[in-house]
Amino acid sequence: MTDTPLRNLPAWVALGAHHKKIENTHLRQLFAEDPKRGERLVVEDVGIYLDYSKNRITDETLKLLIQVAEQSGLKAHIDAMFAGEKINISENRAVLHVALRAPKGATIVVDGQNVVPEVHAVLNKMSDFANRVRSGAWKGHTGKRIRNIVNVGIGGSDLGPVMAYEALRQYSARDLVFRFVSNVDGTDFAEAVIDLDAEETMFIISSKTFTTLETMTNAHTARDWLLARLRDDSAIAKHFVAVSTNAKEVTKFGIDTANMFGFWDWVGGRYSMDSAIGLSSMIAVGPDNFRAMLAGFHEMDEHFRTTPFERNLPVLMGLLAVWYNDFFDAQTVAILPYEQYLKRFPAYLQQLTMESNGKHVKVDGTQVDTDTGPIYWGEPGTNGQHSFYQLIHQGTRLIPCDFIGFAQTLNPLGRHHDILMANVFAQAEALAFGKTEAEVKAEGTADWLVPHRLFEGNRPSNTILMDRLTPAALGKLVALYEHNVFTQGVIWQIDSFDQWGVELGKVLAQRIVPQLEGADEPKLEHDSSTNALIRLYRKLKGAPLECPVS
Ligand code: F6P
């Protein structure tokens, strides 16, 4: 990473001057001046067609953005990550999610050891276990086959598994039931198991640290739930497995390490869905489909590592995100998958993007030079069109959008897919080109109504088109965003792989729990607001219910 602050990089300075020149240029003009723009500003590689022509950029913008990447040392940084260097400097760790999907013969060395054989050993153990559960060979304590899989985890130990399960549902074993418990709100657990037979239920306790308050609380509740029904401690061995890096805590909880699937400190929680954290995904779709997903990830890794920046999908997307964030003051990015199976993809990306790049100090501990980490959010289309698109089209804020669509549906049903995809293309077109005053008037609109019906357009978007949502396609898509986030982080000179910002709240919660539970009035030494809220909660929590639940 360069020592020069971002704002002093020659290309960044030039980009600022260039922005002033083109900030008001309309996409209508850019398309009119270059009839081939929509075919030129595209990249087609590794099964992804990225159309980035509807962005507020010129060839000069692209040239300068790529120079920013070069002057930031992006290439050296990519190589450092793939070489297993400890680029997560605040935790002194390598960042090697790319090793999780490296082919068997590859060599990636961390602390003098090739980690690829270990990765494949865990994959083989997962495959064997997944096959036994899927075939019914793995029996529960009473001899019944396992039919229900409950993943207990939170953050990266939940969002990846649940997103992948939903995304690949069409490929999943439909005779198995999958549930995901993450929230420490007891409702999450209660509703997840409400209709499950304990004799047929397996819990996967997924936690990198095996100390996370929410997960451990849910794990203990799961154990109590099971033992209350099966009444024999030895049942744990057949109904609980663990996914973790912490063998000591797993043993302490009572799970035999023979039933533990490991991973390593060089896998960040939000980058772990393709590690053993994906065990529930593998049971759902089978080892072959899981490995096909890993192959998709790997294809994108290789694309990112070897493709020149001008045609590098994650690099281009990362640079565009920086462009809007820092020069147009765009505060958010909307993720709009037109694929129902990707309904949890925006939620998954929220952790990936915001836990990674929500940082205000650089790797050297000084304040960042510009705004970092945009807010990622979104919903599948077309539902979002009938909720928040109004603001994207006519609101006062600029919201760059990523549209994601597939040429083939997994559920061919009459005209549905053509109608769905027509909406992708129509929304991107409407955002970019809008509707002029002349066009609105030509429709016979009364003068007073014209401003209300006007679409100014010039609202940027990317369109990502793939052939079909397969396991490999999902791997490519996730890796595309992982490396997009990495690119942004390198430009901003931040550590995208730590998450110190989540610690304080965890510590304070641990301090407050006994103050809520104790029978005696606690001595409260918080601020006056927190003290008053705790007192009121203690008073209300034991009050009789007006409307008791059954
Ligand atoms: O609170 C943030 C976090 O540390 C995430 O980074 C992580 O994915 C999540 O908690 C869960 O952590 P674990 O897998 O250790 O339970």
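Heads up: the structure comes first, above all this text.
Position numbers for residues start from 1 in each chain and track the written sequence from start to end. Under the rules for a predicted model, residues below a pLDDT of 70 receive no local features and side-chain atom pairs below 80 are neither given nor counted, while totals for whole chains, interfaces and linings still include all residues. The basis for every side-chain value is the complete set of non-hydrogen atoms in the structure, without hydrogens or water.

A.B. asks: Would you take a moment to explain the packing of helix 1 (residues 10-22) against helix 14 (residues 313-327) for this structure?
C.D. replies: Between two packed helices, both the angle of their axes relative to each other and the distance between the axes serve to describe the pair. As a rule, the C-alpha atoms of each element are fitted with a line to give its axis, helices using only the stretch in contact, and angles between N-to-C directions run from 0 to 180 degrees. Going along the chain from the N terminus, every DSSP run of H or I of four or more residues is numbered as a helix, and every run of E of two or more is numbered as a strand. At a minimum axis distance of 12 Å, the contact between helix 1 and helix 14 shows a crossing angle of 70°. Accordingly, the angle class assigned to the pair helix 1 and helix 14 is roughly perpendicular. Residues Trp12, Leu15, Gly16, His18, His19 and Ile22 of helix 1 form the contact with helix 14, whose own contacting residues are Val322, Trp323, Asp326 and Phe327. Each residue gets one of three labels, nonpolar for Ala, Val, Leu, Ile, Met, Phe, Trp, Tyr, Cys and Pro, charged for Asp, Glu, Lys and Arg, and polar for the others, Gly among them. Residues that form the contact of helix 1 with helix 14 fall into these classes: six nonpolar, three polar and one charged. We call two directions roughly parallel when the angle between them is under 35 degrees, roughly antiparallel when it is over 145, roughly perpendicular when it lies between 65 and 115, and oblique otherwise. Should any heavy atoms of two residues lie within 4.5 Å, those residues are considered in contact.

A.B. asks: I'm lost on the pairing of strand 8 (residues 240-244) in this one. Help?
C.D. replies: Note on strand geometry: in a regular strand, side chains alternate between the two faces of the sheet. Among the five residues that make up strand 8, five are buried, leaving the element largely enclosed by the rest of the structure. Residues Phe240, Ala242 and Ser244 of strand 8 are buried on one face, and the alternating residues Val241 and Val243, pointing to the opposite face, are buried as well. For strand 7 (residues 201-206) and strand 8, the ladder comprises four bridges, and the chain directions are parallel. Across the sheet, Phe203 pairs through a bridge with Phe240, a residue of strand 8. One bridge is not enough; two strands pair if DSSP finds at least two bridges between them. The pairing of strand 8 with strand 9 (residues 260-262) spans three bridges and is classified as parallel. Exposure is judged per residue with a 1.4 Å probe applied to protein chains only, and the accessible area is read against the type maximum: over 50% gives exposed, under 20% gives buried, and values in between give partly exposed.

A.B. asks: When you look at the sheet that holds strand 13 (residues 461-466) in this model, what are you seeing that I'm missing?
C.D. replies: If you walk across this open sheet you meet the six strands as 1-2-13-12-10-11, and the pairing is mixed. On the outer flanks of this sheet lie strand 1 (42-45) and strand 11 (375-378), each paired with one strand and no other. If you compare each strand with its neighbour and ignore which way they point, the axes differ by 15° on average. The sheet strands contacting helix 17 (residues 416-433) are strand 12 (401-406) and strand 13, and the helix crosses strand 12 at an angle near 155°.

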